[in-house]
Amino acid sequence: MTVVIGAGASGVLTAVALAARPGAPVTVVESAPELGRGVAYSTTDYGHLLNSRTETMSLYADRPGHFLEWCRERGLYCGPAGYAPRTTYGRYLGEALENLVRGSGGRVRVVRGRAVSVLGDAVQLADGRMLPDDDVVLALGHPPARTSDIDPWTSGALDRIGRYDDVVLLGTGLTAVDVVVTLAGRGHLGRITAISRHGLLPRVHVDPPPRMVHSGISGAEVSELVRQVRRAVPPHGEWRGVVDGLRPDVERLWTGLPVPAQDRFLRHVSRLWEVHRHRMAPPIGAQLRRLSREGRLQVVAGSVVSTGPSGVTWTPRGEGSVETTTGAVVDCRGPGTWVASADPLARQLAETGVTSPDAHDLGYATTDDGQLIGADGTPVPGRWTLGPVRRGSRYETTAIPEIRAQATRIADRISAGVLV
């Protein structure tokens, strides 16, 4: 039996891939009340849109229009180049898993519970139940943030913010964008200040999407890779096609860099890549521009010195002065890491040597196929992972197409082992 721990996007994609191949029964373990949601698609705010076009979001590589068809069958209009609400996509994932269970003839099942241990031949749940396994796939998604400030992904957390309250956002990435959208949708009229080291918001998609440019860059030095990318941008300056064309090459480029070069990328370039690669939907970009023009949203670059219940003390970038900005503090700096997580399962995996941190402590060390590398430096038989957990070893590993490809490779390996 293969046990998949987690029924968010990574878990659903894994179950779909396993069910499409001959092999052992599949058990998906999930503690959340709704299947398919995870952190990314747990939002109930219809203003939170996917930051990728509908045409790229199918669960099935051989049926690229499947998500679009699903939307239209339910009377949910969204063209192939449109951006559906994330909560709609979570529903799509959940329905896919439920349909898979119903149509599998008993081969695929969902077990409700929380996995707390992966033992030699079984997964233990918090209530003591044991699920026998031959293979275990950790489809853990993003770990929860560790913060003493308002965590925007905690249910009801933003309810504490009054309509006229000033707000300080720690971070200027997509989580901060979500918070701004939610507050604006609730009629919030206070001032919002977003602070990050670079002070950069995600860039915005354009319609129609530009032609993809396959630049074929290569190299083992970050500075040379950056120069090649800049040279590939055409004279009119439309860089989106170049960035999108790099997407299939990111894993090759990342793994081709020595670890010190990867560290330099993470320190100096990663934020620039993120804001250009993971862009906002055009309607969201327009909404943020309007709020900025009205003076209700300010984005600043600086380093946070301290936070408190009534505001943030910070140092503007390039200056020695210290400023204090008052308001409710919302931590938008993104999730933590499973390596540092206090989650019982993460602790047990580390303590028993099943997992080891990647070279950057962003997640778990793995082989090219997603097999976990244990504390002794060797692959752990029958233990696999995919998705955000592999960011340190593969970097670009949070979007559906990349996770789908990883799920396929893991399913191929597990199926081949069963058939031997």
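As the structure is a prediction and not an experimental result, all values here were calculated from the model.

J.: Any chance you could explain the overall build of the protein here in plain terms?
T.: Within the protein, the secondary structure is distributed over 13 helices and 15 strands. Relative to a compact globule of 420 residues, whose C-alpha radius of gyration would be 22 Å, the protein shows 22 Å and is just as compact. Nonlocal contacts in the protein, meaning residues at least 24 apart in sequence, comprise 68% of its contacts between residues at least 6 apart. Accessible surface, the protein: about 18,700 Å² in total, of which carbon and sulfur atoms supply 53%. Computing the positive centroid from 47 side-chain charges and the negative centroid from 43, the protein places the two 4 Å apart.

J.: Mind showing me how you'd approach the packing of aromatic side chains here?
T.: In this description, a pair of aromatic rings is defined by centroid distance and the angle of the planes. Inspection of every chain in the model, using the stated rule, returns nine aromatic pairs. Their ring planes at 45° and their centres at 5.3 Å tell us that Tyr89 and Tyr92 sit as a pair that is tilted. With Tyr89 and Tyr92 both in helix α3 (residues 86-103), this residue pair falls three residues apart, about one helical turn.

J.: Help me understand the pattern of salt bridges in this model?
T.: Side chains that carry opposite charge are capable of pairing whenever their charged atoms lie near each other. For the structure shown, the criterion picks out 29 salt bridges. The salt bridge partner of Arg240 is Glu238, with a shortest N-O separation of 3.1 Å. On the basis of relative accessibility, which here comes to 13%, the residue Arg240 falls in the buried class. As a salt-bridge pair, Arg409 and Glu251 come within 3.4 Å of each other at their nearest N and O atoms. Here Glu251 lies in helix α7 (residues 250-255) and Arg409 lies in helix α13 (residues 400-419), a separation of 158 residues in the sequence. On the accessibility criterion, Arg409 (32% relative accessible area) is partly exposed. Residue class for Glu251 comes out partly exposed when judged on its relative accessible area of 31%.

J.: What am I meant to see in the side chain of Thr43 here?
T.: With respect to the helices and strands, Thr43 occurs in the loop between β2 (26-30) and α2 (66-73). In this structure the side chain of Thr43 is engaged in a polar contact, spanning 2.7 Å, whose partner is the side chain of His48. Beyond its immediate sequence surroundings of up to four residues, Thr43 is in contact with Arg37, His48, Arg86, Thr87 and Trp153.

J.: Which parts of the structure should I look at to understand the nonpolar core?
T.: Generally speaking, a soluble globular protein has its nonpolar side chains buried in company with each other. Counting 38 residues, the largest nonpolar core has Tyr41, Phe67, Tyr89, Leu93 and Leu97 as the members making the most contacts within it. For this core, the secondary structure elements donating two or more residues are α1 (9-19), β2, α2, α3 and α13. Broken down by element, the residue count for this core peaks at seven residues, all from α1. Those residues in contact with Phe67 that sit more than four places away from it in its chain are Leu50, Thr54, Met57, Ser58, Ala84, Tyr89 and Tyr92.

J.: Please explain the sheet that holds strand β10 (residues 297-308) as it appears in this structure.
T.: Strands pair in a sheet through their backbones, by hydrogen bonds, and they do so in one of two ways: parallel or antiparallel. Spatially, β12-β11-β10-β9-β8-β13 is the arrangement adopted by the six strands of the open sheet, whose pairing is mixed. Of all strands in the sheet, those with a lone pairing partner are β12 (323-326) and β13 (328-331), marking the two edges. Taking each pair of neighbouring strands and ignoring which way they run, the sheet shows an average axis angle of 45°. Of the pairings in the sheet, the one linking β10 to strand β11 (residues 311-316) comprises six bridges and is antiparallel in character.

J.: Any chance you could explain helix α4 (residues 174-185) here in plain terms?
T.: One turn of the α-helix equals 3.6 residues, which is why residues spaced by three or four share an orientation. With 12 residues, α4 should cover 16 Å at 1.5 Å per step; its first-to-last C-alpha distance of 16 Å lies within 8% of that length. The element α4 is largely enclosed, with a buried count of nine among its 12 residues. Listed as buried for α4 are Thr175, Ala176, Val177, Asp178, Val179, Val180, Val181, Thr182 and Leu183. The elements touched by buried residues of α4 are α3, β8 (167-170), β9 (192-196), α10 (282-293), β10 and β13. Just downstream of α4, Gly187 is the residue with a positive phi angle, here 85°.

J.: I keep staring at the packing of α4 against α10 and nothing clicks. Help me out?
T.: If you want to describe how two helices pack, look at the angle between their axes and the distance between the axes. At a minimum axis distance of 11 Å, the contact between α4 and α10 shows a crossing angle of 70°. Judged by the inter-axis angle, α4 sits roughly perpendicular to α10. Note on element contacts: α10 touches α4 through Ile284, Gln287, Leu288 and Leu291, opposite Val177, Val180, Val181 and Ala184. Looking at the contact of α4 with α10 residue by residue, the class counts come to seven nonpolar, one polar and no charged.

J.: When you look at the packing of α1 against α3 in this model, what are you seeing that I'm missing?
T.: For the pair α1 and α3, interaxial distance at closest approach is 10 Å and the crossing angle is 35°. Viewed along their axes, α1 and α3 form a crossing whose handedness is left-handed. Here α1 contributes Ala9, Val12, Ala15, Val16 and Ala19 to the contact with α3, which in turn contributes Leu93, Ala96, Leu97 and Leu100. Its residues placed into classes, the contact of α1 with α3 shows nine nonpolar, no polar and no charged.

J.: Explanation requested: α10 in the structure shown.
T.: Here α10 is 12 residues long and its end C-alpha atoms lie 17 Å apart, about the 16 Å a rise of 1.5 Å per residue gives. When we look at burial in α10, the residues that qualify are Pro282, Ile284, Gly285, Gln287, Leu288 and Leu291. Looking at the packing, one finds that the buried side of α10 touches α4 and β10. After α10 finishes, the residue Gly295 shows a positive phi value of roughly 80°.

Rules used in this analysis
- Residues numbered from 1 in each chain as written.
- Predicted model: local features only at pLDDT ≥ 70, side-chain atom pairs only at ≥ 80, totals over all residues.
- Heavy atoms only, no water.
- Helix = DSSP H or I, 4+ residues; strand = E, 2+ residues; numbered from the N terminus.
- Rg over C-alpha atoms; globule rule 2.2 N^0.38 Å.
- Contact = heavy atoms within 4.5 Å.
- Areas by Shrake-Rupley, 256 points an atom, 1.4 Å probe, with all protein chains shown as cover.
- Lys, Arg positive; Asp, Glu negative; His and termini not counted.
- Charge placed at Lys NZ, Arg CZ, Asp CG, Glu CD.
- Phe/Tyr/Trp six-rings, centres within 6.5 Å; stacked < 30°, edge-to-face > 60°.
- Salt bridge = Lys/Arg side-chain N within 4 Å of Asp/Glu carboxyl O.
- Buried < 20%, exposed > 50% of the residue type's maximum accessible area, 1.4 Å probe, protein only.
- Polar contact = N/O pair within 3.5 Å; in protein donor to acceptor, adjacent residues only side chain to side chain.
- Core = buried A, V, L, I, M, F, W, Y, C linked by side-chain atoms within 4.5 Å.
- Pairing = 2+ DSSP bridges.
- Axes fitted to C-alpha atoms, helices over the stretch in contact; angles between N-to-C directions.
- Expected span 1.5 Å × (residues − 1).
- Parallel < 35°, antiparallel > 145°, perpendicular 65-115°, else oblique.
- Nonpolar A, V, L, I, M, F, W, Y, C, P; charged D, E, K, R; others polar.
- Left-handed = near helix turned anticlockwise from the far one by under 90°.

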